[in-house]
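Structural features, examined
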Amino acid sequence: MIPTITAFERSPDRGRGLARDMRVRWALEEVGQRYDVRLLSFSEMKESAHRKLHPFGQIPTYEERDLTLFESGAIILHIAEAHAGLLPGDANARARAIAWMFAALNTVEPPIVEFGMARIFERDKSWYEERQAMLEQRVHTRLGELSSRLGRADWLDDAFSAGDLLMVTVLRRLDGAGVLEQYPNLSAYVARGETRPAYKRAFDAQLAVFTGKPPTS
Ligand code: GTB
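Here's what I pulled together on the structure shown here. Bear in mind the structure is a predicted one, so any value in this text is a computation, not a measurement.

1. Some thoughts on the sheet that holds strand β2 (residues 36-40)
As summarised here, the arrangement of the four strands in space is β2-β1-β3-β4, forming an open sheet in which the pairing is mixed. Only two strands of the sheet have a single partner each, and these edge strands are β2 and β4 (67-70). Ignoring strand direction, the axes of neighbouring strands in this sheet form an average angle of 25 degrees. Taken strand by strand, helix α1 (residues 21-30) contacts β1 (4-8), β2 and β3 (61-64), and its axis lies near 145 degrees from that of β1. Where helix α4 (residues 72-82) meets the sheet, its contacts fall on β3 and β4, and the angle it forms with β4 comes to roughly 135 degrees.

Shown next as structure tokens:
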């Protein structure tokens, strides 16, 4: 059975692939699983029909037979456990890859999201500049640490995994902020993720929603 995911009918990022359906699409493309997408308006996301799938009225969700999931990390872990290609076979390497999934979502994403949200919603506040400097510093702390750990490696723990998939999508949220560019190995890491054929297929599919034109790949 083909799973169905949900995504924005009209993404505020205008097709830049920054919303969290992108990571789910990418994971499905990596493992070669076809999927359907149900597009939702902002009001539909808050209706009870969708809240039965997602208690917080958000995207993405994932439906497959009698399973419904929300939370992009849980969805990707499910996909990675059900298919080969996103988690290593070796038990210890698999546990480390899952640790990187949690690190992406719990340790790296929060300061990046807070920094980004402030840039959008708090620009008019008198304290914006001062707070923004603090938030940016927190992002730099994490990026510096991540950059040191990645070093000259291609991926966080040997082969590409769901941990890299999540980390790349998290770092992409710094797009346009002029921050990631200060870490050449992290910029190259993100670019490496973006050149994967599965990433490109996922990106084109979400872009097609915005442009209304079918994906070319
Ligand atoms: N922890 C949850 C997960 O990982 O699945 C978070 C889900 C979430 O934040 N979903 C967002 C949503 O539904 C979309 S991804 N928001 C609507 C709402 O809460 O009412 C966040 C997002 C939105 C838009 C952009 N953008 O335009 O750049 C980037 C990221």
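From this point, the narrative continues.
2. Considering the packing of helix α6 (residues 128-150) against helix α8 (residues 184-194)
It is at 9 Å that the axes of α6 and α8 come closest, and there the two elements cross at 75 degrees. Relative to α8, α6 is oriented roughly perpendicular. Counting all contacts with α6, which are made through Leu143, Leu146, Ser147 and Leu150, the residues of α8 involved are Asn185, Leu186 and Tyr189. Of the residues assigned to the contact of α6 with α8, the class counts are five nonpolar, two polar and no charged.

3. Some points on the pattern of salt bridges
Throughout the structure, instances matching the rule amount to 14 salt bridges. Across the salt bridge formed by Arg20 and Glu109, the nearest N and O atoms sit 3.4 Å from each other. Linking Arg20 in the loop between β1 and α1 with Glu109 in helix α5 (residues 91-121), this pair joins segments that are 89 residues apart in sequence. Relative accessible area serves as the criterion here: at 30%, Arg20 is assigned to the partly exposed category. Beyond isolated ion pairs, a larger network of salt bridges with shared partners links Arg20, Arg23 and Glu109.

4. With respect to the nonpolar core
One broad rule of soluble globular proteins: the nonpolar side chains tend to lie buried together. If you look at the biggest cluster of nonpolar residues, it comprises 54 residues, and the most contacted ones within it are Trp26, Ile79, Leu86, Leu143, Met167 and Leu171. Put simply, the parts of the chain that give this core at least two residues each are α1, α4, α5, α6, α7 (162-172), α8 and α9 (197-211). Residues within four places of Leu143 in sequence aside, it is in contact with Leu171, Leu174, Val179, Leu180, Tyr183 and Leu186. Membership of the second largest hydrophobic core comes to five residues, among which are Ala19, Leu40, Met45 and Ile59.

5. Section: the site of the ligand
Of all residues adjacent to the ligand, which total 14 residues, the nearest are Arg20, Lys46, Ile59, Glu71 and Ser72. Within the side chain of Arg20, a nitrogen or oxygen atom sits 2.6 Å from an oxygen atom of the ligand. Between a nitrogen atom of the ligand and a main-chain N or O atom of Ile59, the distance comes to 2.7 Å. Computed on the free molecule, the ligand has an accessible area of 680 Å², of which 78% lies beneath the protein chains in the complex. Per-class residue counts for the shell around the ligand are seven nonpolar, two polar and five charged.

6. Some words on the pairing of β2
Summarising the sheet, β1 and β2 pair through five bridges and their orientation is parallel. Paired with Ala7 across the strands is Leu39, a residue of β2. Where the polypeptide runs from β1 across α1 and back to β2, its parallel neighbour, the crossover connection is right-handed.

Conventions we followed
- Along each chain, numbering runs from 1 in the same order as the chain's sequence is written.
- Where local features are concerned, this predicted model is filtered to residues with pLDDT of at least 70; where side-chain atom pairs are given and counted, the filter is 80 or more; whole-chain, interface and lining totals use all residues.
- Side-chain figures throughout are based on the complete set of non-hydrogen atoms in the structure, without hydrogens or water.
- Two strands are said to pair when DSSP picks up at least two bridges between them.
- Think of it this way: any DSSP run of H or I at least four residues long counts as a helix, any run of E at least two long counts as a strand, and we number them from the N terminus.
- Note on definitions: angles span 0 to 180 degrees between N-to-C directions of axes, and those axes are lines fitted to C-alpha atoms, for helices only across the stretch in contact.
- Contacts were defined at the residue level, with two residues in contact if any of their heavy atoms lie within 4.5 Å.
- Between 65 and 115 degrees an angle is taken as roughly perpendicular, under 35 as roughly parallel, over 145 as roughly antiparallel, and anywhere else as oblique.
- Polar here means any residue other than Ala, Val, Leu, Ile, Met, Phe, Trp, Tyr, Cys and Pro, which are nonpolar, and Asp, Glu, Lys and Arg, which are charged; Gly is therefore polar.
- Each reported salt bridge corresponds to a side-chain nitrogen of Lys or Arg within 4 Å of a carboxyl oxygen of Asp or Glu.
- Accessible area is worked out with a 1.4 Å probe on protein chains only. A residue is then buried under 20% of its type maximum, exposed over 50%, and partly exposed in between.
- Put simply, buried Ala, Val, Leu, Ile, Met, Phe, Trp, Tyr and Cys residues joined by side-chain atoms within 4.5 Å make one nonpolar core.
- Near, as used in this document, describes a residue that has one of its heavy atoms within 4 Å of the molecule or strand being considered.
- Throughout this description, a polar contact denotes any pair of N or O atoms lying within 3.5 Å of each other; where both atoms belong to protein, one of them has to be capable of donating a hydrogen while the other can accept it, and for residues adjacent in sequence the pair is counted only when both atoms sit in side chains.
- In these tables, accessible area is a Shrake-Rupley quantity obtained with a 1.4 Å probe, and a residue counts as shielded only by the protein chains included in the view.
- If the strands point away from the viewer and the path from the first strand over the helix to the second runs clockwise, then the crossover is right-handed.

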